[in-house]
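Working through the structure, step by step
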Amino acid sequence: MRHFKIMAVAVLITSLLYGCTDRSEAQGPPPAPEVSVATPLVDQVVDWDEFTGRFEAPQSVDVRARVGGYIQAVHFRDGQYVRKGQLLFTLDARPAQAALASARAQATQAEAQVALARSELARAESLLEIQAVSRAEVDQKRAAVQTAEAAVASARAAVRGRELDVEFTRVTAPISGRVSDRRVDAGNLVGGGSSAADVLTTIVASSPIHFVFEASEAVMLRYQRDARDGTSAPIRIRLQDETGFRWSGTVDFSDNVVDPASGTIRLRAVVQNGDGFLKPGLFGQARVAGAAPYQALLVPDAAIATDQARRVVYVVDAENRVVARPVELGPLSDGLRVIRSGIEPTDRVIVNGQLRARPGQPVTPKTVEIERTPTDTQAPVTRAPPAATATPAGALSQRR
């Protein structure tokens, strides 16, 4: 009886296994994995070279007094905008005024001496006609007149000098710009009249403002050739807390010497700064247009795969099989990657589901569209590798 039960269980298990095997064979192979495919986006792009730099003031002045003295008053608020010629400091003018009065008195005395010398010369010339005096005496009187006239000129120059000293007791803004805080308060004695004089404050002009950066000589040569054609390279700048390149300007200057140690040269751009928001010393990231706009094929950067040392994209052929295509990559443009070569505008590129795709295997393609979302509202741009390195011209041209 027990042996009969064992045989029955064995028959039952065999039947179940046979039924499962038969059901599996009836279902066939698993379905092809589903992937999202899209044709490359054809759009116009611009290659931009990326740099880092800082803003600099086009004009910066250390305000010093031209004469020494005690500061009587300060006539500005720290940090305000001042215009050229605006009064900033007043020094005690009484010592300068006293010196001016003395100089004027000396000038009056010299003028009196001239009048006396001229009168004596005229008298001597009239006596010479009747030979009452010698010609030598007349020559002496004439020389005395010239000496007195020279003394008058010297006295008048001294008066002008003392007038300037009185004028210099009023310290005015030499340029228009944003003034710093006062370095010396009223009541302090300051020196003046030399480069070693006390700095009273500083003024920087920042509208427009300069953005200074360094670029390789190959990039500089390209910009110079563009400038020779009458066009200035446009530049876009963003600050540390900004996501878009909102500040616009043009490259207007390159230094006259290339640094032989680094192979770079200093470039400068002019950026409008009407509201004074940009301050000298601010750090910024810049993009300068490196080439004219051109038509390019764009795919999502996530669609790029790595096959050992190659970069590839997976495309689906007419038989819905996966094919790996080696590609030459360009820069990023609003999250999409520029494809220099390797695919055609009609190719169906796998943009989603690459992990389920294997070269040579069939897939189930689902067609989608590639959309471009500009990250900069001012102009669609692309990210080029940093060009502020000493890259040889030949290597740079090959990279492009």
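Figured I'd write up the structure that's included with this text. If you're wondering where the values come from, they're calculated on a predicted model, not measured in any experiment.

Now for the environment of V312. Inspection of the secondary structure assignment puts V312 in strand β19 (residues 310–316). Here the alpha-carbon distance between V312 and G342, two residues 30 residues apart in the chain, equals 8.6 Å. Residues contacting V312, with those up to four places away along its chain left out, are A303, I304, A305, D307, R325, P326 and V327.

Let us now look at the sheet that holds strand β10 (residues 189–190). Strand order in the open sheet formed by four strands is β8-β7-β5-β10, and the pairing between neighbours is antiparallel. Of all strands in the sheet, those bounded by a partner on one side alone are β8 (170–172) and β10. Inspection of the sheet shows strand β5 (residues 69–74) paired to β10 by two bridges, in the antiparallel sense. Looking across to β10, one finds that G69 is bridged to V190.

Core analysis: the biggest nonpolar cluster contains 22 residues, and F55, F211, F213, I235, I237, V271 and V288 have the highest contact counts within it. Looking at this core, the elements that each hand over two or more residues are β3 (48–56), β12 (209–216), α4 (217–228), β13 (234–238), β14 (247–254), β15 (264–271) and β16 (283–289). Sequence-distant contacts of F213, defined by excluding residues within four places in its chain, comprise F51, T52, G53, I235, V251, I265, R266, L267 and V288. F168, V171, V184 and I203 belong to the second-largest nonpolar core, a separate cluster that totals 19 residues.

Here Q72 is to be found in strand β5. Along the sequence, Q72 and L91 sit 19 residues apart, while their C-alpha atoms lie 5.1 Å from each other. The contacts of Q72, once residues within four sequence positions are left out, are T90, L91, D92 and A186.

Pairing is antiparallel in the open sheet, where four strands are placed in the order β4-β11-β9-β6. Sheet topology places β4 (59–64) and β6 (81–82) at the edges, where each strand pairs with a single neighbour. The sheet contact formed by β6 and strand β9 (residues 177–179) spans two bridges and is antiparallel. In the strand pairing of β9, Y81 is matched with R178.

What the rule picks out here adds up to five aromatic pairs. Taking the centre distance of 4.8 Å and the plane angle of 35° together, the rings of F51 and F213 count as tilted. A residue pair is termed long-range when its members are at least 10 positions apart, and F51 in strand β3 and F213 in strand β12 qualify at 162 residues. In this structure F51 comes out as buried when scored by relative accessible area, which is 3%. The class of F213 is buried, set by a relative accessible area of 2%. With 5.8 Å between their ring centres and 15° between their planes, W247 and F277 make a pair best called stacked.

Reading the values: rules and limits
Just so you know, the residues in each chain are numbered from 1, in the order the chain's sequence is written. Reporting of local features is limited, given that this is a predicted model, to residues whose pLDDT is at least 70; pairs of side-chain atoms are given and counted only at 80 or more, and all residues count toward the totals for whole chains, interfaces and linings. Only hydrogens and water are removed before side-chain values are computed, so all heavy atoms of the structure are retained for them. A run of DSSP states H or I qualifies as a helix once it reaches four residues; a run of E qualifies as a strand once it reaches two. Both are numbered from the N-terminal end. Contacts between residues were defined by any pair of non-hydrogen atoms, one from each residue, lying within 4.5 Å. Strand pairing requires that DSSP identify at least two bridges connecting the strands. As used in this record, nonpolar core signifies buried Ala, Val, Leu, Ile, Met, Phe, Trp, Tyr and Cys residues forming a set joined through side-chain atoms within 4.5 Å. Throughout this description, buried means an accessible area under 20% of the type-specific maximum (1.4 Å probe, protein chains only), exposed means over 50%, and partly exposed covers the range between. Any Phe, Tyr or Trp ring, taking Trp's six-membered ring, that has another such ring centre within 6.5 Å forms a pair; planes under 30 degrees apart are called stacked, those over 60 apart edge-to-face, and the others tilted.

Just distances and angles here, no functional claims.
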